[in-house]
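The primary structure of each chain is shown beneath.
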Amino acid sequence: MEACISDGERHYWCVSSPTMKDKPVQIRPWRLSESDFVLDASQPLDPRKTIFVGGVPRPLRACELANIMNSLYGGVCYAGIDTDPELKYPKGAGRVAFSSQQSYIAAISARFVQLRHGADIDKRVEVKPYVLDDQMCDECGGAMSGGKFAPFFCANVTCLQYYCDHCWGVIHDPASGGSSTSRWLKKGQIGPVLCRSGGDVHNWWRLLFMCARVFSYLQGFVRCRVALRV
Ligand SMILES: [Zn+2]
Ligand SMILES: [Zn+2]
């Protein structure tokens, strides 16, 4: 860094190539301590109240990400910038943990957030629930999947549950046992693949439930009529 040419906050290094001699390229240093930031140490880190932030500008530090999210939704306890395990340099993604369910839901409901910092950073990025690999099905606790971790996570804000194959089919698509288009596949730490039909799935489920109630009511009504006639 000392060998760089500095222009205020920016640093440059001159490189030569066969076509260009002494071309200045910008050097952006990253301190390892800038990858993690605890905003509120009194709160436990809950991975199920954590969001994944994609497309984070590389110069943005964890403390800045935490402060931006806290000013928008409140209740931030931790922010982390994902770094390459070998290079230790930011990969362009981050995680933010909230202490309250309300803040967590508000952040994922927004789906996009504008990250602004200093003169250089102003970018709209996507936020998703942070999906974990090692969760049991919230419905059966793993009983229906032989104790295997849940392969599905429903990112609908009214749901936010992990499901095994069996329970996903029963709860989200009772007619066909879960069609491939209505699944929110779990993709490790990259976050869930968001399904656009997610809302429909829940509405259909509600509609089916209502139909079943109306049907059982009518059935009772018919039975009464039959009984009266007899
Ligand atoms: Zn299950
Ligand atoms: Zn759901």
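- In the nomenclature of an unreviewed UniProt entry, the chain corresponds to RRM domain-containing protein from the organism Macrostomum lignano.

### Focus: the environment of P151
Then comes step 1: Within the element layout of this structure, P151 appears in the loop between β9 (121-129) and β10 (152-153).
Then comes step 2: Taking the C-alpha atoms as reference, P151 lies 9.2 Å from D134; in sequence the two are 17 residues apart.

### Thoughts on the sheet that holds β9
Then comes step 1: The sheet built from six strands is open, its strands ordered β4-β6-β7-β5-β9-β8 with antiparallel pairing. With partners counted over all chains shown, the strands left at the sheet margins are β4 (36-38) and β8 (112-117), one partner each. Neighbouring strand axes in the sheet, compared pairwise and without regard to direction, differ in orientation by 25° on average.
Then comes step 2: With four bridges connecting them, strand β5 (residues 50-54) and β9 associate as antiparallel partners. Its bridge partner lying in β9, I51 is registered against P129.
Then comes step 3: Running at roughly 140° to strand β6 (residues 76-83), helix α1 (residues 62-73) makes contact with β4, β5, β6, β7 (90-98), β8 and β9 of the sheet.
Then comes step 4: Its contacts with the sheet place helix α2 (residues 101-110) against β5, β7, β8 and β9, and it is angled at close to 115° to β9.

### Points about unusual backbone geometry
Then comes step 1: Not every positive phi belongs to a glycine, and D22 is a case in point at roughly 50°.
Then comes step 2: In this fold, D22 is placed in the loop between β2 (10-15) and β3 (23-27).
Then comes step 3: Looking at D22, the relative accessible area reads 42%, which means it is partly exposed.
Then comes step 4: With a phi close to 60°, K88 is a non-glycine residue in the positive phi region.
Then comes step 5: Relative to the helices and strands, K88 is located in the loop between β6 and β7.
Then comes step 6: Take K88: its relative accessible area is 43%, and that puts it in the partly exposed class.

Criteria and thresholds
Residues numbered from 1 in each chain as written. Chains lettered and ligands numbered in written order. Predicted model: local features only at pLDDT ≥ 70, side-chain atom pairs only at ≥ 80, totals over all residues. Heavy atoms only, no water. Helix = DSSP H or I, 4+ residues; strand = E, 2+ residues; numbered from the N terminus. Pairing = 2+ DSSP bridges. Axes fitted to C-alpha atoms, helices over the stretch in contact; angles between N-to-C directions. Contact = heavy atoms within 4.5 Å. Buried < 20%, exposed > 50% of the residue type's maximum accessible area, 1.4 Å probe, protein only.

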